[in-house]
Amino acid sequence: MLREDSLKFKGARKRLIDKVGKLMKEHGVEDERVLKAMMEVPRHIFFDSVFDQKFAYENTAFKIGAGQTISQPFTVAIQSALLEVKKRDKILEIGTGSGYQAAVLLAMSAKVFTIERQKLLYDKAKDVLPALGYRPRMFYGDGFKGLPSYAPFDGVIVTCGAPFVPEALIEQLKPGGKAVIPVGDGNTQKMLRIIKNEDGSTKTEDYGDFSFVPMLQNTAK
């Protein structure tokens, strides 16, 4: 059952978004549309219990089951901004998780295709997102493979730490498209933005260290 988005929650969300906006500026990244979308999406709805809700508007990641987390709000903001989403852009998300990142992209008027390999999380997100009015195309499977039958995409976002850049995801980008991928197999990853040129070559930009749960191959049972 969905919980109320009360004035208390909205006030806490506004304070969080103000903090996130300041942190983004300190990192040289700005996008008011991202902050507006994050203000629209009630993050506490993606938490499993009333007890957990008190952590929803802190700038921290939080465990959501199956060994996964809902990403830190600042991380969601940075990744969303680096995609430079335009209205009706086709975005491929690897790692649906709680569904929060997908909801933020949908609030920015993107068309979201999202893959989750953990059945528990896939089933939860499949219930929560439509109940909030967000309807991404959802798939249960291996994110390393992407969705070739739905390609090409304007953007790709990976919400878990990839040990390497999956070539299949870059192949599924349109020329001019952007992939935002945290890469590294340790406790921290480098946030990379990979821009695909018209000739198929790529340019890679490094936006510093972040921490994600690892990206795993093969479909979970």
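Residues numbered from 1 in each chain as written. Predicted model: local features only at pLDDT ≥ 70, side-chain atom pairs only at ≥ 80, totals over all residues. Heavy atoms only, no water.

**Some words on the sheet that holds strand β8 (residues 189-196)**
Phase 1: Strand order in the open sheet made by the seven strands is β5-β4-β3-β6-β7-β8-β9, with mixed pairing throughout. Only two strands of the sheet have a single partner each, and these edge strands are β5 (137-140) and β9 (202-210). Each strand of the sheet is rotated relative to its neighbour by a mean of 15°, with strand direction disregarded.
Phase 2: As defined by bridge partners, β8 adjoins β9 across seven bridges and the pair is classed as antiparallel. When the bridges of β9 are listed, Ile195 appears paired with Lys203.
Phase 3: The strands that helix α5 (residues 119-131) touches are β4 (111-116) and β5; relative to β5, the one it contacts most, it runs at about 165°. (Pairing = 2+ DSSP bridges. Helix = DSSP H or I, 4+ residues; strand = E, 2+ residues; numbered from the N terminus. Axes fitted to C-alpha atoms, helices over the stretch in contact; angles between N-to-C directions. Contact = heavy atoms within 4.5 Å.)

**So, the packing of aromatic side chains**
Phase 1: Within this structure, the stated rule accounts for ten aromatic pairs.
Phase 2: With 5.7 Å between their ring centres and 70° between their planes, Phe46 and Tyr100 make a pair best called edge-to-face. Taken together, the positions of Phe46 in the loop between α2 (32-40) and β1 (62-65) and Tyr100 in helix α4 (residues 100-107) put the pair 54 residues apart, joining distant regions of the chain. Tyr100 matches Phe46 in its accessibility class, with the two residues each being buried.
Phase 3: Judged by centre distance (5.5 Å) and plane angle (45°), the ring pair of Phe144 and Phe164 falls under tilted. Of this pair, Phe144 sits in the loop between β5 and β6 (153-158) while Phe164 sits in the loop between β6 and α6 (167-171), placing them 20 residues apart in sequence.
Phase 4: Note on Phe164: relative accessible area 41%, which makes it partly exposed.
Phase 5: Through a chain of ring-to-ring contacts, the aromatic side chains of Phe113, Phe139, Tyr150 and Phe153 assemble into a single cluster.
Phase 6: Between the NZ or CZ atom of Lys90 and the centre of the ring of Phe113, over which it lies, the distance is 5.4 Å.
Phase 7: For Lys90, the ring lying beneath its charged end belongs to Phe153, and the centroid distance is 5.1 Å. (Phe/Tyr/Trp six-rings, centres within 6.5 Å; stacked < 30°, edge-to-face > 60°. Buried < 20%, exposed > 50% of the residue type's maximum accessible area, 1.4 Å probe, protein only. Lys NZ or Arg CZ within 6 Å of the ring centre and 35° of its normal.)

**Some words on the nonpolar core**
Phase 1: Ranked by internal contacts, the top residues of the largest apolar core, which has 51 residues, are Met24, Met38, Val41, Phe46, Tyr100, Val104 and Leu105.
Phase 2: Listing elements by their share of this core, those giving two or more residues are α1 (7-26), α2, β1, α3 (73-83), α4 and α5.
Phase 3: Counting 22 residues, the second-largest nonpolar core is a separate cluster that includes Phe113, Val158, Ile170 and Ile181. (Core = buried A, V, L, I, M, F, W, Y, C linked by side-chain atoms within 4.5 Å.)

**A few points about the pairing of β6**
Phase 1: The buried fraction of β6 amounts to five of the six residues, a majority that puts the element mostly inside the structure.
Phase 2: Note that β6 and strand β7 (residues 173-183) share four bridges and pair parallel. When the sheet's bridge partners are listed, Phe153 is paired in β7 with Leu173.

**A few points about α4**
Phase 1: Summarising burial for α4: eight of the eight residues are buried, a large majority.
Phase 2: Considered for burial, the residues of α4 that qualify are Tyr100, Gln101, Ala102, Ala103, Val104, Leu105, Leu106 and Ala107.
Phase 3: Immediately beyond the C-terminal end of α4, within one or two residues, lies Ser109, with a positive phi of roughly 70°.

**Some words on the pattern of salt bridges**
Phase 1: Inspection of the entire model under this criterion finds twelve salt bridges.
Phase 2: Between Asp123 and Lys119 there is a salt bridge, and its shortest N-O distance comes to 3.0 Å. One end of the pair, Asp123, and the other, Lys119, are both in helix α5, four residues apart, so they sit about a helical turn from each other.
Phase 3: Assessed through its relative accessible area of 33%, Asp123 is described here as partly exposed. (Salt bridge = Lys/Arg side-chain N within 4 Å of Asp/Glu carboxyl O.)

**Details of the packing of α1 against α3**
Phase 1: The interhelical angle for the contact between α1 and α3, taken along N-to-C directions, is 55°, at an axis separation of 10 Å. When the interaxial angle is binned, α1 and α3 end up oblique. The way α1 lies across α3 gives a crossing that is right-handed. Here Leu16, Val20, Leu23 and Met24 of α1 come into contact with α3, specifically with Pro73, Phe74, Ala77, Ile78 and Ala81.
Phase 2: When the residues that make up the contact of α1 with α3 are grouped by side-chain class, the tally is nine nonpolar, no polar and no charged. (Parallel < 35°, antiparallel > 145°, perpendicular 65-115°, else oblique. Left-handed = near helix turned anticlockwise from the far one by under 90°. Nonpolar A, V, L, I, M, F, W, Y, C, P; charged D, E, K, R; others polar.)

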